Amino acid sequence: METVPEAHPRRKSIMTRHALVAGFEKGLVCGQGLIAQGRGEAFDYLLGEETNDFAKDASEAAAAMLLLARSPVVSVNGNMAALCAREIVLLAGEVGAKIEVNLFYRTDERVERVRQALSEAGAKRVLGGEGRGEVKIPELFSERRRVSRKGIYSADVVLLALEDGDRTKALVRMGKKVVAVDLNPLSATSQAATVTVVDEITRAIPGIRFAAAGLRRANRKALREKVRAFDNRKTLSRALKRIGARMRELSGELGRG
Ligand code: ATP
Ligand code: MG
């Protein structure tokens, strides 16, 4: 892999691109996944490429929701596996969640690659792609509606990222609580999810894990209160306000020049 100088201002973004392209060459990431990353980066740029306070608050609520869950599942796609497989395994361990591979552009080969990446990152058990253990969820076309009976199908809380809006809506309609990581506060997924963490995936997943570690000793009543007090519409509105404020700030600087 090409090296990027430590001091390069876009180092993190360039490294992320390298990881995705490497994942693409290995058959882990699909072409559409590369395009999705581009859209995410644009929003990250507008949001200041940092974890904002509204993302921290959402991570707290997400952690509480995952800790309260009867059967939480982390749904993993190619981009997630390429960018943060190890962090996904650590988060699942922290909150006692199952891990399931679920791909929008599904092929058996790619499912296998994602499973492999997760196993190499330390996952003991990975659901998805098991054939007979799979069921079809309503209202979704194509292969992505196939989910594991023991995983997403029977989950009460599903964490997903870089996900298509229709699929997120279908899960919500099935009565599931959805924690979404998505940099675009306007996406259908962000709008439909129960808790949206508007942050870059490699920052968001460890952020939720740290929040969960901090809440380990909290009692269920306190966790429920945290979830109850959370308002996703307000969170998305704070994200949009942040973009607006930043644009005003930056355009002011240009205006002075
Ligand atoms: P939707 O279907 O929800 O309206 P979309 O069609 O615009 O969304 P998709 O390609 O379905 O987009 O989903 C990818 C989503 O993931 C986008 O909203 C994008 O901003 C976001 N995204 C891409 N890369 C990252 C990343 N590294 N971290 C967090 N979010 C990301
Ligand atoms: Mg979409």
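Higher on the page you've got the structure.
Computed from a predicted structure; not experimentally measured.

A.B. asks: If you had to explain the site of ligand 1 to someone new, which residues and values would you point to?
C.D. replies: For ligand 1, the set of nearby residues contains 17 residues, the closest of which are G165, D182, A188, T189 and E200. Separating an oxygen atom of ligand 1 from a backbone N or O atom of G165 is a distance of 2.8 Å. Take T189: an N or O atom from its main chain is 2.9 Å from an oxygen atom of ligand 1. Alone, ligand 1 offers 630 Å² of accessible surface; in the complex the protein occludes 85% of this.

A.B. asks: Could you give an account of the pattern of salt bridges, with specific residues and numbers?
C.D. replies: Counted under the stated rule, the structure contains 18 salt bridges. Between E94 and R216 there is a salt bridge; the shortest N-O distance is 3.0 Å. Of the two residues, E94 is situated in helix 4 (residues 78-95) and R216 in the loop between helix 8 (201-215) and helix 9 (220-229); the sequence distance between them amounts to 122 residues. Between E225 and R228 there is a salt bridge, with its nearest N and O atoms 2.9 Å apart. Pair noted here: E225 and R228 are both in helix 9, with a separation of three residues, about one helical turn. When salt bridges that share partners are traced, they join D44, D199 and R203 into one network.

About the criteria used
- Throughout this description, residue numbers start from 1 for each chain and increase along the sequence as written.
- Here chains are named by letter from A upward and ligands by number from 1 upward, in the order in which they appear as written.
- For this predicted model, a pLDDT threshold of at least 70 governs which residues receive local features, and a threshold of 80 or more governs which side-chain atom pairs are given and counted, while totals over whole chains, interfaces and linings are taken from all residues.
- Calculation of side-chain values draws on the structure's entire complement of heavy atoms; hydrogens and water are dropped beforehand.
- Being near a molecule or strand, for a residue, comes down to having at least one heavy atom within 4 Å of it.
- The definition of a polar contact used here is a pair of N or O atoms within 3.5 Å, where within protein one atom must be able to donate a hydrogen and the other to accept one, and adjacent residues in sequence count solely through side-chain atom pairs.
- To measure how exposed things are, a 1.4 Å probe is used in the Shrake-Rupley method; for residues, cover is taken only from the protein chains shown.
- A carboxyl oxygen of Asp or Glu within 4 Å of a side-chain nitrogen of Lys or Arg is what we treat as a salt bridge.
- Numbered from the N terminus, helices here are DSSP runs of H or I no shorter than four residues, and strands are runs of E no shorter than two.

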